[in-house]
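In case you want the letters, here they are:
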Amino acid sequence: MADLSVNFAGVRCPNPFWLASGPPTNTYGQVARAFDAGWGGAVWKTIGEPIINVYSRYGSVDLGGTRMMGFNNIELISDRPVEDNLREIAEVKRKYPKHAVIASLMVESKRESWHEMVKRTQDTGADAFELNLAKCPTTPARSSSG
Ligand SMILES: Cc1cc2nc3c(=O)[nH]c(=O)nc-3n(C[C@H](O)[C@H](O)[C@H](O)COP(=O)(O)O)c2cc1C
């Protein structure tokens with residue numbers, strides 16, 4: 001089989017096909033299954049604190065006289081505890097050391113909070129961090145129908 005392995009800024013993986021951060025990358029079971037199925041990397045579902053849920057996952061946004069200009073955010077960060085996610089990221093990296101796992105993080109806009117979260121995540125063996133510096137919970141859209 002052709003060698004599709006890549007070295008992306010120092011992150012090595014068997015192929016360039018990665019799962020984006022979202023519902024399919026929220027647990028060990030999901031990511032392990034994806035790697036068994038052939039995916040080369042995964043950006044873990046964003047983890048962070050505080051875990052803020054939205055009031056409606058199915059609202060729409062109107063613009064002027066136009067109904068349903070777009071959909072409201074339908075999901076925010078992982079609703080699972082940070083420690084559970086970190087333990088499972090470490091388990092995935094132990095079982096699949098050649099696959100890429102990116103830890104996607106989000107905390108409040110405070111230097112100390114970011115330092116603490118990055119330090120907590122470093123020991124998982126994640127290949128890189130994605131820092132969500134301006135994300136959904138900070139600017140929840142008003143829902144017209146939810
Ligand atoms: C339901 C849903 C949940 C998502 N959750 C996250 C998330 O937790 N963190 C993140 O960085 N991106 C999240 N995303 C964005 C995806 O990672 C991706 O960037 C986006 O869906 C665009 O890729 P696509 O065009 O292949 O869907 C989410 C997207 C969807 C649809």
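Rules of the game
- Residues numbered from 1 in each chain as written.
- Predicted model: local features only at pLDDT ≥ 70, side-chain atom pairs only at ≥ 80, totals over all residues.
- Heavy atoms only, no water.
- Near = heavy atom within 4 Å.
- Polar contact = N/O pair within 3.5 Å; in protein donor to acceptor, adjacent residues only side chain to side chain.
- Areas by Shrake-Rupley, 256 points an atom, 1.4 Å probe, with all protein chains shown as cover.
- Nonpolar A, V, L, I, M, F, W, Y, C, P; charged D, E, K, R; others polar.
- Helix = DSSP H or I, 4+ residues; strand = E, 2+ residues; numbered from the N terminus.
- Buried < 20%, exposed > 50% of the residue type's maximum accessible area, 1.4 Å probe, protein only.
- Contact = heavy atoms within 4.5 Å.

1. A short note on the site of the ligand
So, step 1. Taken together, twelve residues surround the ligand, and among them Ser21, Lys45, Thr46, Glu75 and Glu130 come closest.
So, step 2. Here a nitrogen atom of the ligand sits 2.6 Å away from a polar atom, N or O, in the side chain of threonine 46.
So, step 3. For the ligand, an oxygen atom lies 3.3 Å from a polar atom in the side chain of glutamate 130.
So, step 4. Expressed as a share of its isolated accessible area of 610 Å², the protein-covered part of the ligand is 46%.
So, step 5. Its residues assigned to classes, the shell around the ligand shows four nonpolar, four polar and four charged.

2. Some points on unusual backbone geometry
So, step 1. Omega for the peptide link from glutamate 49 to proline 50 comes to -5°, which places this bond in the cis form.
So, step 2. Locating proline 50 in the fold gives a position in the loop between strand 5 (47–49) and strand 6 (60–63).
So, step 3. Although it is not a glycine, alanine 9 adopts a positive phi angle of roughly 55°.
So, step 4. Note that alanine 9 resides in the loop between strand 1 (6–8) and strand 2 (11–13).

3. Focus on the side chain of lysine 45
So, step 1. Within the secondary structure layout, lysine 45 lies in the loop between strand 4 (41–43) and strand 5.
So, step 2. A residue is classified by how much of its surface remains accessible, and lysine 45, at 7% relative accessible area, is buried.
So, step 3. If we ignore the near neighbours within four places in the chain, the residues touching lysine 45 are Ser21, Gly22, Pro23, Thr25, Asn26, Glu75, Leu76, Ile77, Ser78 and Ser104.

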